[in-house]
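Observations on the model geometry
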Amino acid sequence: MSNERDTLTQAKKIVVKVGTSTLTYKNGKVNFTRIDKLARALSDLVNQDREVVLVSSGAIGVGVGKLKLKEKPSTVQQKQAVAAVGQCELMHIYSKFFSDYGHIVGQILLTKNVVEEEHSRQNVINTIEALLENGIVPIVNENDSVAFDEIEFGDNDTLSAIVALLVEADLLIILSDIDGFYDCDPHKNNDSHLIPVVYQITPKLEECAGGAGSRRGTGGMITKLAAAKLANAQGIDVVMANGSEPGVIMDIIEGCNVGTLFTTR
Ligand code: GLU
């Protein structure tokens, strides 16, 4: 176990981000087994006296499944309507699984203008802190039903870094359908290598980030790297890992060598 990984075992306040590709199957239906395992891992972290905030995508993805649509709608209005349905369903599913493990969740929906304005930003911080003090797991998403253009974050990778900053997290874990950060796109190059620890996000590394990601979410490797950069700049460690087995969260917290650690040490 390396020193950098060792410090992760001490992380008290942890933000975990999951994308639509982790929460749903390729056909758009909900992956209950995965959400169950995610709720179990996060519940264990709370049982270890850690504070956990979940940033979850999936409003539109789950809405598409719930409404039995063939694909994501293309117009903003339709997407917002689908998100309104999907967000309810998503929270219902989270609430059910977390309660199986004895925990309560609370929903926080954000838009960019809310975190940019000092007064409303402070209100959000206060609410999240109050939830955490009461042992409740805040689940944050973008308020897709009202967000458009200038008030939207656009992707939840950026949102997760902003939430990590707001709550002054020790660690941000970004789960997706890729094992971590590679020296080149693993979907296109067989000889790509996973980078276990990144000490500095250099322009060369940013060049490596071109394009990897699934079609079901909105963020790719570029937005993940930008999120890592934003969090690192505020002294927050970031681990990027594959969310296909949510038990990976426990491995990360135990200091195991999984995914890519963007260290601030
Ligand atoms: N907020 C969007 C949703 O919940 C997802 C954005 C993203 O995938 O980054 O559907």
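Comments concerning the sheet that holds strand 2 (residues 51–56)
Taken in spatial order, the eight strands make up an open sheet running 3-4-2-1-5-7-8-6, and their pairing is mixed. At either end of the open sheet lies a strand with only one pairing partner, and these are strand 3 (105–110) and strand 6 (197–198). Examined bridge by bridge, strand 5 (residues 171–176) and strand 7 (residues 237–242) share six bridges and lie parallel to one another. If you follow isoleucine 174 over to strand 7, its bridge partner there is methionine 240. With respect to the sheet, helix 3 (residues 32–47) is in contact with strand 1 (13–18), strand 2 and strand 4 (137–142), its orientation differing from that of strand 2 by roughly 155°. Of the strands in this sheet, strand 1, strand 2, strand 3 and strand 4 are in contact with helix 5 (residues 76–100), which crosses strand 3 at around 150°.

Focus: the side chain of arginine 50
By the element assignment, arginine 50 lies in the loop between helix 3 and strand 2. As a buried residue without a salt bridge, arginine 50 has its nearest oppositely charged side chain in glutamate 254, at a separation of 7.6 Å. A polar contact of 2.9 Å, which involves the side chain of arginine 50, links it to the backbone oxygen of threonine 9. Of the polar contacts made by the side chain of arginine 50, one reaches the side chain of glutamine 48; its length is 2.8 Å. Ignoring sequence-local partners within four residues, the contact set of arginine 50 consists of Leu8, Thr9, Gln10, Ala11, Lys12, Ile14, Leu45 and Ile253.

Remarks on the pattern of salt bridges
Per the stated rule, a full pass over the model turns up seven salt bridges. The partner of glutamate 129 in a salt bridge is lysine 13, and the shortest N-O contact between them spans 2.9 Å. Note that glutamate 129 is positioned in helix 7 (residues 118–133) and lysine 13 in strand 1, a separation of 116 residues in sequence. By relative accessible area, glutamate 129 is classed as partly exposed at 21%. A salt bridge links lysine 37 to glutamate 245, with the nearest nitrogen and oxygen atoms 3.3 Å apart. Of this pair, lysine 37 sits in helix 3 while glutamate 245 sits in the loop between strand 7 and helix 11 (248–253), placing them 208 residues apart in sequence. A relative accessible area of 27% means that lysine 37 is categorised as partly exposed.

Quick look at the packing of aromatic side chains
In this structure the tally under the stated criterion is three aromatic pairs. Summarising the aromatic geometry, the rings of phenylalanine 32 and phenylalanine 97 are spaced 6.4 Å apart at their centres and angled 55° between planes, so their arrangement reads as tilted. You can see phenylalanine 32 sitting in helix 3 and its partner phenylalanine 97 sitting in helix 5, a full 65 residues away along the chain. Using a relative accessible area of 44% as the deciding quantity, one classes phenylalanine 32 as partly exposed. Directly above the ring of phenylalanine 97 sits lysine 96, whose terminal nitrogen or CZ lies 4.5 Å from the centroid.

Regarding the packing of helix 8 (residues 156–166) against helix 10 (residues 221–233)
Each pair of packed helices can be summarised by the angle the axes make with each other and by the distance between the axes. Packing of helix 8 against helix 10 brings their axes to within 8 Å, and their N-to-C directions diverge by 10°. Viewed along their axes, helix 8 and helix 10 adopt a mutual orientation that is roughly parallel. The interaxial crossing formed by helix 8 with helix 10 has right-handed handedness. Counting all contacts with helix 8, which are made through Asp157, Thr158, Ala161, Ile162 and Leu165, the residues of helix 10 involved are Thr223, Lys224, Ala227, Leu230 and Ala231. A class-by-class count of the residues in the contact of helix 8 with helix 10 yields six nonpolar, two polar and two charged.

Things to note about the side chain of glutamine 87
Looking at the element boundaries, glutamine 87 is found in helix 5. Reaching out from glutamine 87, the side chain makes a polar contact with the side chain of asparagine 141 at a distance of 3.0 Å.

Scoring rules and cut-offs
- Residues numbered from 1 in each chain as written.
- Predicted model: local features only at pLDDT ≥ 70, side-chain atom pairs only at ≥ 80, totals over all residues.
- Heavy atoms only, no water.
- Pairing = 2+ DSSP bridges.
- Helix = DSSP H or I, 4+ residues; strand = E, 2+ residues; numbered from the N terminus.
- Contact = heavy atoms within 4.5 Å.
- Axes fitted to C-alpha atoms, helices over the stretch in contact; angles between N-to-C directions.
- Buried < 20%, exposed > 50% of the residue type's maximum accessible area, 1.4 Å probe, protein only.
- Lys, Arg positive; Asp, Glu negative; His and termini not counted.
- Salt bridge = Lys/Arg side-chain N within 4 Å of Asp/Glu carboxyl O.
- Polar contact = N/O pair within 3.5 Å; in protein donor to acceptor, adjacent residues only side chain to side chain.
- Phe/Tyr/Trp six-rings, centres within 6.5 Å; stacked < 30°, edge-to-face > 60°.
- Lys NZ or Arg CZ within 6 Å of the ring centre and 35° of its normal.
- Parallel < 35°, antiparallel > 145°, perpendicular 65-115°, else oblique.
- Left-handed = near helix turned anticlockwise from the far one by under 90°.
- Nonpolar A, V, L, I, M, F, W, Y, C, P; charged D, E, K, R; others polar.

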